Amino acid sequence: MEPPLFRRLTVSAVTTAPFPVKRAPTRAAGPRVVRNPVWVRVLFMTLALGFVGIFLVLPLVAVFGEALRKGLGAYFKAFADSDARSAIRLTLTAAAIAVPSNLAFGIAASWCIAKFNFRGKSLLTTLIDLPFAVSPVISGLIYVLVFGAQGWLGPYLGAGDHPCFGEWFNQQDIKIIFAVPGIVLATIFVTFPFVARELIPLMQAQGSDEEYAALTLGANGWQTFWHVTLPNIKWGLFYGVILCNARAMGEFGAVSVVSGHIRGETNTMPLHIEILYNEYNFVAAFAVSSLLAMLGLVTLVLKSFIEWRHQRVRPANVTA
Amino acid sequence: MAPTIRPRSVLPGFGLSLGFTLAYLGLIVLIPLSAAFLKIAGMSWHDFVAAVASPRVVASYRLSFGVSLAAALVNAFFGFIVAWVLVRYTFPGRRIVDALVDLPFALPTAVAGIALTAIYAKNGWVGQWLDPLWVRGVGRLAAFVPWIDWKSWLGGTIAFDRPGIFIALTFIGLPFVVRTLQPVLIELEPELEEAAATLGANRWQTMTRVILPEVFPAMLTGFALAFARAIGEYGSVVFIAGNQPAHSEITPLIIITKLEQYDYRGATAVAVVMLVASFFLLFAINLLQKWSRRFSAV
């Protein structure tokens, strides 16, 4: 494997080389001396498949099994509820704002980190990964501290007579915490690094030669980006976006802290699931869950498809 | 490195992209995070200690760290086996199993939480068989070794008690170990094993003396990542934990409870303790990764 140009110094985890790794052919059929005896292979297979079956497959099956326990009628009834619909709408809204924001950020961050050398670059790369190190509950809490009623900005956000602001601003009753903006902000925070951490190693690996060539041939900056850089990074970009989206739609802890749990107004799908579950409305809870589980499955399929196209093994993401 | 902030490069867009990156990072991440530290700066030392070291909070640290440690250890063991099987063996459905390993990243935590509860509750899919076995097993242990309070340590039931937390945290952590080990196992040269075999090592010796030392740094990294994730985990745990005060109450739940009582300072104090712990842990992971790279650099 070629030594990379820049080793990423990150607090978290691009665990090994952040580069496309060629998948070596499976060596089960290698020489006899480097094979485990048959009983060991059987034992390993049993343990591995048993563990995957019990810990991964079973929960997935349970979601659909519980959702369909009382038949299709009860299943679809869960979505007839107006609160469920507004939860779905809010989840889609939050993701529709959070994902493009983090996409724009990811492109800007990877452009300046991968294409230029400047002081403090490794620190910047480290700070981008920071949200993965923060517990979801704390991610919500920090926004309460900034925008909450007792927070830094809280007192200025409500309607009232604030001397430093104009009349129009003082008449507005801006709600961030226990309202939709807080949910969007918390979602942006927890999905912050996804796109950037896919693009930075990818763009570093690709280097800048093609961009130089484009500039020499007379392209301007935007043309270079649109016609040279973007086509090169599109799969990495797509990869980052689907992971970002899955997390944005499924986030529970952070959103739970800032939402206020107002039914039909500030409940996202995961929060709606919690309410239904706590009301012992299990079929509806699992029905809404099954939508998110399907989203997860689609994410996995797309992810495997991209990996298969590029024959690479992904390093682990820290999503703590 | 260039002495000025502006690097010499013919590529355009440095100022724009760096400016946007720093502004966005500052507004979304750095300023809100600093709010937590500034909030506790206004607390007296006495209040801070009272908030972060009350018996109920200390019990939650012990539970969160202890169960996370146990789950990460189990993940390190089974993660190695899963990664080994995925890299070395061909079998029908290998690609599907490989893709499924990432399920805990893709499945929302709340969904995982209620699904695991449905499986392991007393009347659940697996719980109806396993729960009586567990209760009987813990009872036997208590009969043989009566001086340890087994029931409190291991839980009276599986769901709504400590074993449930362990199951949820194991679910959450598995991909970290597998995904860290997989590239290392793929890069492992067959010559190493062949050399060991020519020198007269049997397979057990090759596995324990040649392969395990080679993959150990990656295994430790995966373990640490799973551990770090488990400590902060909330969504999948709250449904299955039972949340009994000072017994099965994890630290993130303590923060939520304090927030619900409008004890913002107390919540922030506990949050800062957790933040510092996870920053330390990630610093350690960073060192581990450098170490494992030094080992894997050929």
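Here is what the cut-offs are and how they apply
Numbering of residues begins from 1 in every chain and follows the order in which that chain's sequence is written. Chain labels run from A onward and ligand labels from 1 onward, assigned in the order the entries are written. Where totals are concerned, whole chains, interfaces and linings use all residues; where local detail is concerned, this predicted model gives features only for residues with pLDDT of at least 70, and gives and counts side-chain atom pairs only at 80 or more. Computation of side-chain values: all heavy atoms of the structure, hydrogens and water removed. For the purposes of this entry, the term helix denotes a DSSP run of H or I that reaches at least four residues, the term strand denotes a run of E that reaches at least two, and both are numbered from the N terminus. Any two residues having at least one pair of non-hydrogen atoms within 4.5 Å are treated as being in contact. When two components associate, each loses some accessible surface as probed by a 1.4 Å sphere; the sum of these losses over both components is called the buried area. Note on definitions: salt bridges are taken to be side-chain nitrogens of Lys or Arg within 4 Å of carboxyl oxygens of Asp or Glu. Between N or O atoms, a polar contact is any pair within 3.5 Å; within protein, one atom must be a potential hydrogen donor and the other a potential acceptor, and residues adjacent in sequence are included only when both atoms are from side chains. Each Phe, Tyr or Trp ring (for Trp, its six-membered ring) is paired with any other whose centre lies within 6.5 Å, and the angle between the two planes then decides the class: stacked below 30 degrees, edge-to-face above 60, tilted in between. When accessible area is computed with a 1.4 Å probe and restricted to protein chains, residues below 20% of their type maximum are described as buried, those above 50% as exposed, and intermediate ones as partly exposed. Only residues above 30% relative accessible area that lack a salt bridge enter a patch, with like-charged residues linked at up to 9 Å and the nonpolar side chains Val, Leu, Ile, Met, Phe, Trp and Tyr linked at up to 5 Å. For accessible areas, the Shrake-Rupley method is used with a probe of radius 1.4 Å. Any residue's cover is judged against the shown protein chains and nothing else. Neither His nor the chain termini are counted; the positive set is Lys and Arg, and the negative set is Asp and Glu. The location of each charge is read from NZ of Lys, CZ of Arg, CG of Asp or CD of Glu.

Enquirer: Before we go on, may I ask you to explain the environment of Ala112(B) in this structure?
Expert: Residues and elements named next belong to chain B. By the secondary structure assignment, Ala112 is in helix 6 (residues 109-120). Counting along the chain gives 123 residues from Ala112 to Gly235, while the straight-line C-alpha distance between them is 8.2 Å. Discounting residues that sit within four places of it in the chain, Ala112 has contacts with Leu107, Phe171 and Ser236.

Enquirer: Even after reading the chapter, I still don't get the interface of chain A and chain B, so can you show me in this structure?
Expert: For interface size, the figure often reported is the accessible area lost on association. Counting residues at the interface gives 113 residues for chain A, matched by 114 residues for chain B. Counting the surface lost from both chain A and chain B, the interface buries some 10,100 Å², and carbon and sulfur atoms represent 76% of this. Joining chain A to chain B, the criterion identifies one salt bridge. For Asp102(B), the salt bridge goes to Lys303(A), with nearest N and O atoms at 2.3 Å. Here chain A is connected to chain B by eight residue pairs in polar contact (both at pLDDT 80 or more).

Enquirer: Just checking my understanding: could you explain the packing of aromatic side chains for this structure?
Expert: Counting across every chain of the model gives 32 aromatic pairs over all chains. Between Phe65(B) and Phe227(B), the ring centres sit 6.0 Å apart and the planes meet at 65 degrees, which makes this aromatic pair edge-to-face. Of this pair, Phe65(B) sits in helix 3 (residues 55-88) while Phe227(B) is found in helix 11 (residues 203-232), placing the two residues 162 residues apart along the sequence. Under the relative-accessibility criterion, Phe65(B) is labelled partly exposed at 34%. When its relative accessible area of 10% is taken as the criterion, Phe227(B) is described as buried. Connected via pairs of aromatic rings, a cluster forms that spans Phe252(A), Tyr277(A), Tyr280(A), Phe282(A), Phe286(A), Tyr234(B) and Phe239(B).

Enquirer: Would you mind showing me how to read the side chain of Ser236(B) here?
Expert: Residue and element names in this part refer to chain B. Structurally, Ser236 is set in helix 12 (residues 235-241). Side-chain polar atoms of Ser236 contact the side chain of Glu233, separated by 2.9 Å. What Ser236 contacts, discounting residues up to four positions off in sequence, is Thr109, Ala112, Gly113, Ala168 and Ile172.

Enquirer: Looking at this structure, I do not really get a negative patch on the surface. What am I missing?
Expert: Judged by side-chain charge, Glu187(B), Glu189(B), Glu191(B) and Glu214(B) come together as a negatively charged surface patch. Within the secondary structure, Glu189(B) is located in the loop between helix 9 (162-187) and helix 10 (190-198).

Enquirer: When you look at the pattern of salt bridges in this model, what are you seeing that I'm missing?
Expert: When charged atoms on two side chains of opposite charge get close, those side chains can pair. Summed over the entire model, instances satisfying the criterion amount to 15 salt bridges over all chains. The partner of Glu251(A) in a salt bridge is Arg247(A), with the nearest N and O atoms 2.9 Å apart. A residue is classified by how much of its surface remains accessible, and Glu251(A), at 4% relative accessible area, is buried. Arg229(B) is the partner of Glu233(B) in a salt bridge, and the nearest nitrogen-oxygen pair spans 2.8 Å. For Glu233(B), a relative accessible area of 2% puts it in the buried group.

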